[in-house]
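Analysis of the macromolecular model
This is what each chain is made of:
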Amino acid sequence: CRVVTLKKSAQIGGTVLANVFTLGTQGMDPCDFMYIHPTDDNAVRWSKLKLKPMLRSTSSIARVFPERSRDGGDSILFKERADGRGSILISGANSPASLSQVSVSRQVQDDLAKWQINEAGDPEQQADSRSRAYEFAKVFKISTPLVMPGCRITRNFEQGSQEVYEVACPHCGFMHTLEWGNMLANLDEDHPERACFHCPDCGTAIEEHHRREMIRPEAQGGKARWVARNPRALRQHRSFYLWSAYAVLQSWERIAQEWLKAKGDPAAERTFLNDTVGLAYEEKGEAPPWEELRDRAAKSELDRGVIPAWACVLT
């Protein structure tokens, strides 16, 4: 496939995957690589705090990306291989100039949901066009969702294969996904430490001590697997969704405590839904009671499409 999308919760290792993709490409298939952040400031921060330590500590890569190059091949936003076989260009989506005049066969679009329209238009389309010249390009889109409608990472997930991680119930073996609504429906607010899921089939409680074995993939002798809900897109665009309930670094009790702390505060609930559940927040606006208008219109003796002579205002 050409595009891989990861819609995720915050702090579950998504950027680590992007980093591995970046250096793994330079190690196994050297090429010109672009890593794009929402802003130039984000790009500089990533280069200094993430990329530079990785280049320094990975011996096979450090040899081809020497520091303090005298010919300008090494700077904060541009890293060129010493053998001339490729480079890493780091840029911000807010700068149309940095998204032009280059062609790359591999790229990462990080924090995609935070990208905003720049002076030249849609930065995502600008970035995608940088790989248009390569038939076998690979574009990795990754982000925590923000607000719908308009969330870029959610839109990409829906356009892709929509793969979710199914696990087996430890009691009956029924394959299902861990859903936030399932945890919420069974949450005891007085005892968040008892946060759990219930099997959709047998109804038995699934507790946290079951998790490590449940998430073991088939390749490692377990039963967990990725299941595509839109398999028609598999050849072109694979998209994945993963949230905190699967991540062993965050306990289910802490997820429950975060919800109880945010509950009742719309802004905090939005942050919880984005960062912890990995879902976009849907804005709730005021809407007219259209059902009542529909029912009144159905009972009216007026002819549709004909304005009566006594009408004063048409809206």
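Residues numbered from 1 in each chain as written. Predicted model: local features only at pLDDT ≥ 70, side-chain atom pairs only at ≥ 80, totals over all residues. Heavy atoms only, no water.

This part covers the layout of surface pockets. Of the pockets and cavities examined, the largest pocket occupies roughly 920 Å³. Those elements giving two or more residues to the lining of the largest pocket turn out to be strand E1 (3–8), helix H1 (14–28), strand E6 (138–143), strand E13 (237–242), helix H8 (252–262) and helix H9 (266–277). Per-class residue counts for the lining of the largest pocket are 24 nonpolar, 8 polar and 7 charged. Taken as a whole, the second largest pocket holds about 680 Å³ of empty space. Lining the second largest pocket we find 27 residues, and of these Gln11, Thr15, Lys50, Asp110 and Asp111 sit closest to its centre. Of all the secondary-structure elements, those providing two or more residues to the lining of the second largest pocket are H1, helix H2 (40–57) and H9. (1 Å grid on protein atoms, 1.4 Å probe; cavity = no way out; pocket = protein on both sides within 12 Å on 5 of 7 lines; lining within 4 Å. Points joined across faces, edges and corners; volume = space filled by probe spheres on them. Helix = DSSP H or I, 4+ residues; strand = E, 2+ residues; numbered from the N terminus. Nonpolar A, V, L, I, M, F, W, Y, C, P; charged D, E, K, R; others polar.)

Once that is clear, we can look at H1. Its 15 residues give H1 an end-to-end C-alpha distance of 21 Å, which sits within 8% of 21 Å, the value for a rise of 1.5 Å per residue. All of the buried residues along H1 are Gly14, Ala18, Asn19, Phe21, Thr22, Leu23, Gly24, Thr25 and Gln26. (Expected span 1.5 Å × (residues − 1). Buried < 20%, exposed > 50% of the residue type's maximum accessible area, 1.4 Å probe, protein only.)

On to the nonpolar core, then. The biggest cluster of nonpolar side chains holds 28 residues, and the ones touching the most others in it are Val167, Leu178, Trp180, Phe197, Trp243, Trp252 and Ile255. Put simply, the parts of the chain that give this core at least two residues each are strand E8 (163–168), helix H6 (180–185), H8 and H9. Among the elements that make up this core, the one with the highest residue count is H8 (5 residues). Core analysis: the second largest hydrophobic core is formed by 20 residues, Ala18, Tyr35, Leu55 and Phe140 among them. (Core = buried A, V, L, I, M, F, W, Y, C linked by side-chain atoms within 4.5 Å.)

Oppositely charged side chains may form a pair once their charged atoms are brought near each other. Taken as a whole, this structure holds 13 salt bridges when the rule is applied. A salt bridge links Asp188 to Arg194; the shortest N-O distance between them is 3.9 Å. Classification of Arg194 as exposed rests on a relative accessible area of 52%. With its nearest N and O atoms 2.5 Å apart, the salt bridge here joins Lys263 to Glu189. Here Glu189 lies in the loop between H6 and strand E10 (197–198) and Lys263 lies in the loop between H8 and H9, a separation of 74 residues in the sequence. (Salt bridge = Lys/Arg side-chain N within 4 Å of Asp/Glu carboxyl O.)

Once that is clear, we can look at the packing of aromatic side chains. For the structure on display, the rule yields 12 aromatic pairs. On the numbers, 6.4 Å between centres and 65 degrees between planes, the contact of Phe157 with Tyr241 is edge-to-face. Here Phe157, found in helix H5 (residues 152–159), pairs with Tyr241, found in strand E13; they are 84 residues apart in sequence, far enough to count as distant. Taking relative accessible area as the criterion, Phe157 reaches 9% and is therefore assigned buried. (Phe/Tyr/Trp six-rings, centres within 6.5 Å; stacked < 30°, edge-to-face > 60°.)

A few words on the side chain of Asn156. For Asn156, the location among the structural elements is in helix H5. Relative accessible area serves as the criterion here: at 4%, Asn156 is assigned to the buried category. A polar atom in the side chain of Asn156 sits 2.8 Å from the side chain of Glu124. Side-chain polar atoms of Asn156 contact the backbone oxygen of Arg152, separated by 2.9 Å. When sequence neighbours within four positions are dropped, the list of residues in contact with Asn156 reads Thr5, Leu112, Glu124, Lys141, His237 and Ser239. (Polar contact = N/O pair within 3.5 Å; in protein donor to acceptor, adjacent residues only side chain to side chain. Contact = heavy atoms within 4.5 Å.)

Let us look at unusual backbone geometry. The omega torsion of the bond from Met148 to Pro149 falls at 0 degrees, within 30 degrees of zero and hence cis. Here Pro149 is to be found in the loop between strand E7 (147–148) and H5. Residue Gln101 is not a glycine yet carries a positive backbone phi of 65 degrees. Mapped onto the fold, Gln101 is located in the loop between strand E4 (87–92) and strand E5 (106–110).

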